[in-house]
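# Close look at the chain arrangement
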Amino acid sequence: MSSKNIKILLVSDLHAVMKNSDFESDSFLVFDSGGASDFFNGFKFFLRDEGLVPDVVVCAGDIANKGSYLAFENIWGSLISLKEEMGCEALLCVPGNHDLQSRLDEEFDPKYYLQFHRPLFPSSRFEKNTHFWAWHWFHEEYNNFNAIMVNTSAYHGYKDESQRGRIAPNITDQIKSFIQSDEFNEKAVNFIVCHHHPRKMEHVEFGSDYEAIDGGEKFLDMLSSVGKGAWVIFHGHKHWPQIQNVGPSSGPIMISSGSLSASIHDEIKKEVTNTFCYIELDVERTESTGVPSGFYRAYEHFLGRGWIKSKNKRMPHCGGFGSLSAPRVLAGKIKRYVEEQGNFVRIKEMPDVEDELRFMLPVEVEKLKAELERFGVETIEDKDSGFLDQFGGCA
């Protein structure tokens, strides 16, 4: 792995099912009795065709659908094989509410099957799994990053806990104490992997959000102030792709890739489809600025078309994170370039602008475009990447 970047394949909410099962229509990721899935094989072929070779695979839960043992066995084995075939350093995974027996019927323990599963889950190391199932989190240290996996479905099976995620206050305090201890070696960047979203997403399905992590804001506040490097949170659950800053200017950055393969429910299917995200985190810039910085590429899946470059404005095909410039400040710089040259200016001709623009979040890019429109500056996007490429028309 290069010291300058970490390449991450982010998937979530796979909801794998077995062929001819009662809930086969819940997902496109269907396994036959021999353990094969046309959808997953097609996904792997697409990764190879696009040249997407990650250092790290992150899967943010709901691996299987409705607690299906057979589906979980097949997809967990497939994810391990994917990691090995691509020569990845790490497979970072957590369970989601669908992976546990959250709605107990005949089972006596929601986590029993996962806890005693072979191959081991979520870590290949027995002592890490013991810590995860006992304390609801565990830590792994890698060459260029730390990773903490958090079980936000830990209390499912009790009362109405299946309706939400939870990080208990004492768990947040425990993780904070560990990060501040000598056992935690500081890296430029640290990853949190959890299933549920730490902050409410009331813009999704346009109503109250009761499924967010109870204790999520305390957890975010802790990450915003604990230090020991920059923090990036990967989560799933809502089937809604988005990337946002959820702290002060230095983060954390929170990323959800949406659902890789679940049948998208009616409330949001006009807004999103199946998606995944490929992220390249710039370690050198992150270390020098203290801000999580990098680029991503997002892809969407449509029946009959397969995987294509994302056209979703919330997470367009190409984007970034970690810019140190406000949209209005950057718009002013662009305006001056256009005025000085009196013609359309390409982004490559404005190196100080390019260095910040390419790290802007999608929402910041939209604000930048609005500021430029106010200044009378037209913008032209690159057809392949979608990045802003040319600027001009300033009176």
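This report concerns the structure included in the present document. Residue numbers here run from 1 along each chain, matching the order of that chain's written sequence. Local features in this predicted model are restricted to residues whose pLDDT is 70 or higher, and side-chain atom pairs enter the listing and the counts only when it is 80 or higher, whereas totals over whole chains, interfaces and linings include all residues. As a convention, hydrogens and water are excluded, and side-chain values are obtained from all of the structure's heavy atoms.

Further remarks concern the nonpolar core. With 69 residues, the main nonpolar core has L92, F145, F191, F234 and F276 as its most contacted residues. A helix here means a DSSP run of H or I that spans at least four residues, while a strand means a run of E at least two residues long, and both kinds are numbered starting from the N terminus. Tallying contributions element by element places helix 2 (residues 69–85) first for this core, with 7 residues. Dropping the residues within four chain positions of it, F191 is found in contact with I6, I8, L92, F145, N146, A147, I148, V232, F234 and L281. Joining through side-chain atoms within 4.5 Å is the link that ties buried Ala, Val, Leu, Ile, Met, Phe, Trp, Tyr and Cys residues into a set, and such a set is a nonpolar core. Throughout this description, buried means an accessible area under 20% of the type-specific maximum (1.4 Å probe, protein chains only), exposed means over 50%, and partly exposed covers the range between. Core analysis: the next-biggest nonpolar cluster, separate from the first, contains 22 residues, A168, I192, F219 and W231 among them. Only heavy atoms enter the contact rule, under which two residues are in contact if any of them lie within 4.5 Å.

Stacked, edge-to-face and tilted are the three classes for Phe, Tyr and Trp ring pairs, Trp counted by its six-membered ring, which pair at centre distances within 6.5 Å; planes under 30 degrees apart are stacked, over 60 edge-to-face, the rest tilted. All told, the structure shown has 23 aromatic pairs when counted by the stated rule. Both rings, one in F46 and one in Y299, keep their centres 5.3 Å apart while their planes meet at 80°; by these two values the pair is edge-to-face. One end of the pair, F46, is in helix 1 (residues 38–50); the other, Y299, is in strand 15 (residues 294–302), with 253 residues separating them in the sequence. Pair check on accessibility: F46 and Y299 agree, each one buried. Judged by centre distance (5.0 Å) and plane angle (80°), the rings of F132 and W133 are edge-to-face. Of the two residues examined, F132 and W133, each falls in the buried class. Counting every residue linked through ring pairs, the aromatic cluster contains F39, F40, F43, F46, F276, Y299 and W307. Across from the ring centre of F23, 4.9 Å away, lies the NZ or CZ of K66, which sits over that ring. Placement of a charge over a ring requires the Lys NZ or Arg CZ to be within 6 Å of the ring centre, with the centre-to-atom vector within 35 degrees of the ring normal. The aromatic ring of F375 is capped on one face by K335, whose charged end is 5.6 Å from the ring centroid.

To continue, consider the pairing of strand 5 (residues 90–93). Neither face of strand 5 is exposed, since A90 and L92 on one face and L91 and C93 on the opposite face are all buried. Two strands are counted as paired when DSSP detects at least two bridges linking them. As paired elements, strand 4 (residues 56–59) and strand 5 share 4 bridges and run parallel to each other. Paired with V56 across the strands is A90, a residue of strand 5.

Spatially, 6-7-9-11-13-12 is the arrangement adopted by the 6 strands of the open sheet, whose pairing is mixed. Single-partner strands in this sheet number two, and they are strand 6 (137–141) and strand 12 (242–245). Adjacent strand axes in the sheet meet at a mean angle of 15° when their direction is disregarded. Note that strand 12 and strand 13 (residues 253–256) share 4 bridges and pair antiparallel. Note on strand 13: the bridge partner recorded for Q244 is M254. All axes here are fitted lines through C-alpha atoms, helices being fitted over the stretch that makes contact, and every angle between N-to-C directions spans 0 to 180 degrees. Sheet strands in contact with helix 5 (residues 169–180) are strand 6, strand 7 (145–150) and strand 11 (230–235), and its direction is about 20° off that of strand 6.

Quick look at the environment of M201 now. Relative to the elements of secondary structure, M201 occurs in the loop between strand 9 (189–193) and strand 10 (213–214). On the basis of relative accessible area, M201 is assigned to the buried category, the value being 1%. For the pair formed by M201 and E211, sequence separation is 10 residues and the distance between their alpha carbons is 9.0 Å. Apart from residues lying up to four places away in sequence, M201 is in contact with D209, H235, K238, W240 and Q242.

Our next topic: unusual backbone geometry. In this structure, the amide linkage connecting R118 to the following residue, P119, adopts the cis form with an omega of 0°. Tracing the backbone shows P119 in the loop between helix 3 (112–115) and helix 4 (126–135). With an omega of 15°, the peptide bond running from G251 to P252 counts as cis. With respect to the helices and strands, P252 occurs in the loop between strand 12 and strand 13. Backbone geometry at H15 places phi at a positive 50°, although glycine is not the residue there. Structurally, the position occupied by H15 is in the loop between strand 1 (5–11) and strand 2 (17–18). On the accessibility criterion, H15 (5% relative accessible area) is buried. One non-glycine residue, K228, adopts positive backbone phi at about 65°.

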